[in-house]
Amino acid sequence: MTAPGLGVSKRLVATTPAGMGSPSGRQGRAELPQLPSAPSTESRLDLLRWPLLRAVLRSRWPQLLVRVAALAGFLVAVLAGLLGTPVGNHNFGIVLVWIAWWTIMMLVALPFFGRGWCSICPIPVPGEWLQHGALLNPRRDGMGFRRAWPARLKNIWLQNGAFSGVAVCSAVVLTQPRITAVVLLAFLFVAIGTSLIYERRAFCRYLCPVGGFIGLYSQLAPVAIRVKNKATCAAHTDKSCYRGSADGAGCPWLLYPGALTKNTYCGMCMECVRTCPYDNIAVTLRPFGADLRSPAGRRLDEAFKGFIMLGAAMVYSAVMLGPWGDLKMAAYDIGSARWFAYALGVLVFINGVLPGLFLGAVSAGRALVASTQPVKRSFVSFAYALVPLGLMAWIAFSLSFVFASISYLWPTMSDPFGLGWDLFGTAHASWQPYLTRSVPTMQAIVLVGGFAWSAVTAHRIAAEEHEQRMALRQAAPVIAYCFLITVCLMGLLIA
Amino acid sequence: MKRSRVITTALVFALGAGVVAFAPLPGASVKPANRRFRVEASSFKYAPATIKANVGDHVTIDLVSTDVVHGLYVDGYDVSVTADPGRTASLSFVANRAGMFRLRCSVTCGAMHPFMLGKLHVGRNDLLWRALALALLAGLVGVSLAPMRGVRT
């Protein structure tokens, strides 16, 4: 992995075992050399200024406890999926993962904390424990080969493919407890295997289909980990945040915090907070969507992730919330001719139709202002305007799904394995949808906000090349595309 | 951009949004009638999948299940009915709220049960048109107000 900004340290980084300290890594804080301490360019609120929060985030114990609890919940969900009732909406595994977890993820964790979930996700935890040779403090003699991830695969195309694969099978994955359990176990074992072969969190960074879309939408989150003073990082030759030190592992996500400009691949694991000897890492509060205002680091694979997610939100809204029974059965009947037709249609729609129409909109905008930028660059840059609308589409979809189904949680919590238990006295609670009068209004507000946010983002992206009026002219077709998508989403969700 | 212009535009937007969201819309008043629908339920669909009524209509739904036990719950009205296979069960209510309301199966009937849905349209769907108008207004104001300078990330 190339660590942006590492300069002369690159070769050393490439040969240093992941997570292990450099030869001179153990450096007492009292002996630290003085580094440039120009006034920080960061004036945003640093959450680490609060002593209690700082103590909680720097310590490994709270994170370990939450991870262990999450892993226990994960294993209970798997067991319930394998051993509990085969009826999906009465199975604790299905309800915990696809209703409770999904609610928290889409309505709270992702919009407000970005990749915060990744910092406590149980799936990579066993593999990381083996890799570190410890549950708490990483050691030098952990297991695994620590190979570098293949250079050709250092992108999110595999995650895009994995998500697309899960998406076309989602009608079964979301409703069949055993299939959900098998999928969760597959995630777990692939994560363990990847940790034993490759360095650090290669699974999370390059394979996890959930991590792919969390990363995309984490750009909108108002919380970010950034360095306080880049000069301090540049002068710090040890780069303990990337290479690790006695205080902790090098960045598990293969990032060099000194060059971090986007949330996309930062797992918010706090290792850099622990290993920076100059206390130069901040957990900042910032405006929503700040990452989209920077042209740095835009890529085609991420652009396609945006189309895949937006398209999947539309497909899910049609299949799961629409009145079309035949479409539901086609999505459910995996292996049949109608399912192949459905899967092909979905893949063509999210990977062909949506990007194709978008390319047309981008080309029209370029023609209006006689842009000299390469087409690919314009396409990729403007694709980031779809990120806010995509997240809002998922929130709008989830609102309908979640409020209608969350009451399935009460009986399954009391009797997770279908053994006749009544742990919380709710085993016989009946299904009751909530807020059915208000949900369409909430969905409308969310989609209106998503469209406006995307329109502003498209205008800002165009303004990177042109003055404001010309920028608006170039962005207009992209804004029209976003409006068309919004109309479709409203048609599916509230019409 | 001058602060006074921002404030003025924001106020105009707020006023416009208020009008779009809450102003009463003209509509042809239709005399309420009795409407009866026969809805067949089978795995995992209703036929017809969509039914329409006018505001004030007295709606009766005869639910007929053609395979296993199915239910029908009407979003927004909080009323439901359950039909055994081959038997008709009826549900009546006054459609006094306009808009789109989902019909949901209320009895676990198989794997895709949570997604067994239909739709009831009552009168004109003002929410949809108001939302589209608000989206246009919000987009217009957004692109004219948002600062174009870059920000730190």
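Residues numbered from 1 in each chain as written. Chains lettered and ligands numbered in written order. Predicted model: local features only at pLDDT ≥ 70, side-chain atom pairs only at ≥ 80, totals over all residues. Heavy atoms only, no water.

### Focus: the overall build of chain A
- When its secondary structure is counted, chain A shows 21 helices and four strands.
- Since a compact globule built from 495 residues should have a radius of gyration of about 23 Å, the 23 Å found for chain A is in line with a globular shape.
- Here chain A, with 495 residues, has 61% of them falling under the buried criterion.
- When contacts within chain A are restricted to residue pairs at least 6 apart in sequence, long-range pairs at least 24 apart make up 81% of them.
- A total accessible area of about 18,900 Å² is found for chain A, and carbon and sulfur atoms account for 69% of it.
- With 42 positive and 20 negative side-chain charges, chain A shows a separation of 4 Å between the mean positions of the two kinds. (Helix = DSSP H or I, 4+ residues; strand = E, 2+ residues; numbered from the N terminus. Rg over C-alpha atoms; globule rule 2.2 N^0.38 Å. Buried < 20%, exposed > 50% of the residue type's maximum accessible area, 1.4 Å probe, protein only. Contact = heavy atoms within 4.5 Å. Areas by Shrake-Rupley, 256 points an atom, 1.4 Å probe, with all protein chains shown as cover. Lys, Arg positive; Asp, Glu negative; His and termini not counted. Charge placed at Lys NZ, Arg CZ, Asp CG, Glu CD.)

### What to know about the overall build of chain B
- A count of helices and strands for chain B gives two helices and nine strands.
- Traced from its N-terminal end to its C-terminal end, chain B shows the element sequence α-β-β-β-β-β-β-β-β-β-α.
- For a compact globule of 153 residues, the expected C-alpha radius of gyration is about 15 Å, and chain B comes in at 22 Å, more than 25% above that figure.
- For chain B, the spread of C-alpha atoms along the principal axes amounts to about 70 × 45 × 20 Å.
- Put simply, of all contacts in chain B between residues at least 6 apart along the chain, 63% involve residues at least 24 apart.
- Across chain B, the centroid of the 18 positively charged side chains sits 18 Å from that of the 8 negatively charged ones.

### Some remarks on the pairing of strand E9 (residues 117-122) of chain B
Residues and elements named next belong to chain B.
- Burial of E9 is extensive: six of the six residues sit out of reach of the surface.
- Of the two faces of E9, the one lined by Leu117, Lys119 and His121 and the one lined by Gly118, Leu120 and Val122 are each fully buried.
- With four bridges connecting them, strand E3 (residues 50-53) and E9 associate as parallel partners. By the bridge assignment for E9, Ile51 is matched with Leu120. (Pairing = 2+ DSSP bridges.)

### Observations regarding the interface of chain B and chain A
- Each side of the interface is counted separately: chain B has 43 residues, and chain A has 57 residues.
- Where chain B abuts chain A, roughly 4,400 Å² becomes buried across the two surfaces, and 64% of that area is made up of carbon and sulfur atoms.
- For the pair chain B and chain A, the number of links is one salt bridge.
- Note that Asp326 of chain A and Lys45 of chain B form a salt bridge whose closest N and O atoms lie 2.9 Å from each other.
- At the surface where chain B touches chain A, the tally comes to 13 residue pairs in polar contact (both at pLDDT 80 or more).
- Mapped by element, the contributors of at least two residues to the side of chain B that touches chain A are strand E8 (99-104), E9 and helix H2 (126-145) of chain B. (Buried area = accessible area lost by both parts, 1.4 Å probe. Salt bridge = Lys/Arg side-chain N within 4 Å of Asp/Glu carboxyl O. Polar contact = N/O pair within 3.5 Å; in protein donor to acceptor, adjacent residues only side chain to side chain.)

### As for the sheet that holds E3 of chain B
All names here are of chain B.
- Strand order in this open sheet of five strands is E3-E9-E8-E5-E6, and the pairing throughout is mixed. Edge positions in the sheet fall to E3 and strand E6 (79-83), since each has one partner strand and no second. For this sheet, the mean inter-axis angle between neighbouring strands, taken without regard to orientation, is 20 degrees.
- Bridging between E8 and E9 involves six bridges; their strand directions are antiparallel. Among the inter-strand pairings, Met100 is bridged to a residue of E9, identified as His121. (Axes fitted to C-alpha atoms, helices over the stretch in contact; angles between N-to-C directions.)

### Description of the sheet that holds strand E4 (residues 58-65) of chain B
All names here are of chain B.
- Sheet architecture is open: four strands sit in the order E2-E1-E4-E7, paired in mixed fashion. A single partner strand is all that each edge strand has here, and the edge strands are strand E2 (45-47) and strand E7 (88-94). Neighbouring strand axes in the sheet, compared pairwise and without regard to direction, differ in orientation by 30 degrees on average.
- As paired elements, strand E1 (residues 34-42) and E4 share eight bridges and run parallel to each other. Pairing of Arg36 across the sheet is with Thr60, part of E4.

### As for the packing of helix H5 (residues 125-132) of chain A against helix H8 (residues 177-197) of chain A
All names here are of chain A.
- The geometry of H5 relative to H8 is characterised by a closest axis approach of 8 Å and an angle of 20 degrees between their N-to-C directions. For the element pair H5 / H8, the angle class is roughly parallel. Of the two possible hands of crossing, H5 and H8 adopt the one that is right-handed. On the side of H5, the interface is formed by Pro126, Gly127, Glu128, Leu130 and Gln131, while H8 contributes Leu188, Ile192, Ser195 and Leu196.
- Tallied by class, residues from the contact of H5 with H8 come to five nonpolar, three polar and one charged. (Parallel < 35°, antiparallel > 145°, perpendicular 65-115°, else oblique. Left-handed = near helix turned anticlockwise from the far one by under 90°. Nonpolar A, V, L, I, M, F, W, Y, C, P; charged D, E, K, R; others polar.)

### Digging into the pattern of salt bridges
- Inspection of the entire model under this criterion finds 22 salt bridges over all chains.
- If you follow the salt bridges from partner to partner, you end up with Asp46, Arg54, Lys228 and Asp279 of chain A in one network.

### Considerations on the domain arrangement of chain B
- Domains assigned within chain B are domain 1 (3-26 + 130-144) and domain 2 (34-123).
- Centre-to-centre, using C-alpha coordinates, domain 1 of chain B lies 37 Å away from domain 2 of chain B. (Domains from an automatic or database assignment.)

### Focus: the side chain of Gln219 of chain A
Residues and elements named next belong to chain A.
- Residue position: Gln219 is located in the loop between helix H10 (209-218) and strand E1 (223-227).
- In this structure Gln219 comes out as buried when scored by relative accessible area, which is 1%.
- Setting aside residues no more than four positions away along its own chain, Gln219 makes contact with Lys262, Asn263, Thr264, Arg286, Gly289, Ala290, Asp291, Leu292 and Tyr384.

### Structural notes on helix H18 (residues 386-405) of chain A
Residues and elements named next belong to chain A.
- Here H18 spans 28 Å end to end across 20 residues, near enough to the 28 Å set by a 1.5 Å rise per residue.
- At Ser398, H18 shows its maximal kink, close to 25 degrees.
- For H18, the tally of buried residues reaches 19 of 20 residues, placing the bulk of the element in the interior. (Expected span 1.5 Å × (residues − 1). Bend = angle between axes of the 7 residues up to and from the residue.)

### Considering unusual backbone geometry
- A cis amide bond links Ser43 of chain B to the next residue, Phe44 of chain B, at an omega of -10 degrees.
- The omega angle of the peptide bond from Ala47 of chain B to Pro48 of chain B is 0 degrees, so this bond is cis rather than trans.
- Note that Pro48 of chain B resides in the loop between E2 and E3.
- Non-glycine residue Leu254 of chain A carries a positive phi angle of around 60 degrees.

### With respect to the environment of Trp253 of chain A
- Within the secondary structure, Trp253 of chain A is located in the loop between strand E3 (248-249) and helix H13 (271-275).
- Expressed as a C-alpha distance, the spacing of Trp253 of chain A and Cys241 of chain A, which sit 12 residues apart in the sequence, is 11 Å.

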